[in-house]
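Working through the structure, step by step
Okay, here's what each chain looks like letter by letter:
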Amino acid sequence: MTATEKNLAVQSVRNGLGIVALKAFAPGATVCQVRGRVVSGEAVWRYWDTDPRRGENCFRYDADHYLDPEGEIGAYANHSCNPNAGIVKTGRRLLLQAIRPIAAGDEVTHDYSTLLGADDVWKMTCNCGETGCRKVVRSFSKLPAATLRRYRRLGIIPDFIMETG
């Protein structure tokens, strides 16, 4: 476990288990690196047949690959339509970065849509409970225009996702 991950815990949250901050994070701070094994899209589809939850937890890593966080804290990263963090790709690393202040005790969330390219068919019913919840999580290309502009300004939609649209 890295020093940053020592500032996090997996705890019960609104939708099961999630990542909870044990210390405050300022906007722009790295909350943690999302670690795991890089796998093909075909591997993720196989997960859907045997362990759908594992398939849902994979992060789009590039145009053709996903990061499987099985056994890592990233497997507990939950969605919110009003997230306090976002995924930033730096080199070969996916980082969970604060996009607004995160207080100790807050669940750390990100918007799954920022990792769903226009070519992704996956979607899910949202249960984040936020005011303004979109009710369905799907491709970044379906985000409201103001949300898309904000996320682009914050740098939390990786280039390879933007290129799919």
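So, here's what we can say about the structure. (Residues numbered from 1 in each chain as written. Predicted model: local features only at pLDDT ≥ 70, side-chain atom pairs only at ≥ 80, totals over all residues. Heavy atoms only, no water.)

Looking now at the sheet that holds strand 9 (residues 93-98). Strand order in this open sheet of 3 strands is 3-9-8, and the pairing throughout is antiparallel. Where the open sheet ends on each side, the last strands, each with one partner, are strand 3 (30-34) and strand 8 (85-90). Going from strand to strand, the sheet's axes swing by 30° on average, the running direction of each strand aside. The pairing of strand 8 with strand 9 spans 6 bridges and is classified as antiparallel. Residue pairing across strands places glycine 86 opposite glutamine 97, the latter belonging to strand 9. (Pairing = 2+ DSSP bridges. Helix = DSSP H or I, 4+ residues; strand = E, 2+ residues; numbered from the N terminus. Axes fitted to C-alpha atoms, helices over the stretch in contact; angles between N-to-C directions.)

Taken together, 3 strands build an open sheet; the order of strands is 4-6-5 and the sheet is antiparallel. Either end of the sheet is taken by a strand with one partner, and the two such strands are strand 4 (37-40) and strand 5 (59-60). Pairing geometry for strand 4 and strand 6 (residues 65-68), over 4 bridges, is antiparallel. By the bridge assignment, serine 40 is partnered in strand 6 with histidine 65. Where helix 1 (residues 41-50) meets the sheet, it contacts strand 4 and strand 6, and its direction lies at approximately 90° from that of strand 4. (Contact = heavy atoms within 4.5 Å.)

That's the geometry; what it means functionally is another story.
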